[in-house]
Amino acid sequence: KEVLENLISGVLLNISKPFVRGDRLRTEDAKFKGVVRKVGIAYSQINTDDGETLMVPNSLMLKKATVNMTRRRFRVIQGMFPVVLKDFGKLSELCECVREVMLKHPDVISGHRYDDMKAKDPQLRIFEPQCTFEGYGERGAEVAVMAYTENIRDPRFMQIKSEVLLNVNEEIVKFGATFGFTFRVVTEPQE
């Protein structure tokens, strides 16, 4: 029964082509992430990020929700900053300054690129850069940032994400705010 199920699934995968050799996949349950090496008749081969070749029964590839990361159109950059201000009345002003900094980054989708993407697909769930106040936590005001970039592969995406979040960090410091980190002092037992 399983062999027949895998064979039929292999035929369906080869006809419908939800992914092909070279596509980057991950399962929704995050059981694996890697690049498609081969879509066979009964099994698909995935090169995992750990360097292993994973043999996945084709029936499983159809049953599990699988995300084809190669076909996505954008990636999201998100961060949360615990901010402490002398005057929390200026929180709105800080959020606007941070938003302006994100808008200036050349790889962040905004302006005409954003308008063009939305014009092509009005249902697209993408927004211009956002900086929002999420409430107060035990470490200060929780300031969340979110921006989108084109579908860029790692490690370039990680570099862009770092640049954007460091720019946000610099703007918060320039504004005169500090970060509400929780520190823990660890002492070694004395003999």
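Residues take numbers from 1 onward in each chain, read along the sequence in its written order. Only residues with pLDDT of at least 70 get local features here, since the model is predicted, and only at 80 or more are side-chain atom pairs given and counted; chain-wide, interface and lining totals rely on the full set of residues. Side-chain measures here rest on the full set of heavy atoms in the structure, leaving out hydrogens and waters.

**Overview of the sheet that holds strand E7 (residues 130-137)**
Selection rule: One requirement defines pairing of two strands: DSSP has to find at least two bridges between them. Note on conventions: DSSP H or I runs of at least 4 residues are helices, E runs of at least 2 residues are strands, and numbering of each starts at the N terminus.
One open sheet holds the four strands; their spatial order is E7-E8-E6-E9, and the pairing between them is antiparallel. At either end of the open sheet lies a strand with only one pairing partner, and these are E7 and strand E9 (178-179). Bridge analysis of E7 against strand E8 (residues 140-150) gives six bridges, and the strand direction is antiparallel. When the sheet's bridge partners are listed, Gly137 is paired in E8 with Gly140.

**Topic: a nonpolar patch on the surface**
So the rule is basically this: The patch calculation keeps residues exceeding 30% relative accessible area without a salt bridge and links them within 9 Å when they carry like charges or within 5 Å when they are nonpolar (Val, Leu, Ile, Met, Phe, Trp, Tyr). Only the protein chains shown count as covering a residue, and every accessible area follows the Shrake-Rupley method with a 1.4 Å probe. Criterion for a salt bridge: a side-chain nitrogen of Lys or Arg within 4 Å of a carboxyl oxygen of Asp or Glu. For every residue, the accessible area (1.4 Å probe, protein chains only) is compared with the maximum for its type, and the residue is labelled buried under 20%, exposed over 50%, or partly exposed between those bounds.
Together, Leu4, Ile8, Leu12 and Leu62 make up an exposed nonpolar region whose accessible area comes to about 370 Å². If one sorts the elements of the nonpolar patch by residue count, helix H1 (residues 2-16) sits on top with three residues. Its location among the elements puts Ile8 in helix H1. The class of Ile8 is partly exposed, set by a relative accessible area of 47%.

**Some details on the sheet that holds strand E1 (residues 24-27)**
The condition is simple: Think of each axis as a best-fit line through the C-alpha atoms, taken over the contacting stretch in the case of a helix, with angles from 0 to 180 degrees between the N-to-C directions.
Pairing within the open sheet is antiparallel, and its five strands lie in the order E4-E3-E2-E1-E5. Both edges of this open sheet fall to strand E4 (53-57) and strand E5 (66-68), since each of them pairs with a single strand only. In this sheet, neighbouring strand axes are inclined to one another by 40 degrees on average, regardless of whether the strands run parallel or antiparallel. Of the strand pairs in this sheet, strand E2 (residues 33-39) and strand E3 (residues 43-48) are connected by five bridges, and their pairing is antiparallel. Within E3, the residue paired with Gly34 across the bridge is Thr48.

**Some words on the environment of Lys90**
Formally: Residue contacts follow a heavy-atom distance rule, with two residues in contact if any of their heavy atoms lie within 4.5 Å.
When you line up the elements, Lys90 lands in the loop between strand E6 (74-84) and helix H3 (91-104). A sequence separation of 85 residues divides Lys90 from Phe175, and the C-alpha atoms of the two residues are 9.7 Å apart. Here Lys90 is in contact with Leu85 and Phe175, once residues within four sequence places are set aside.

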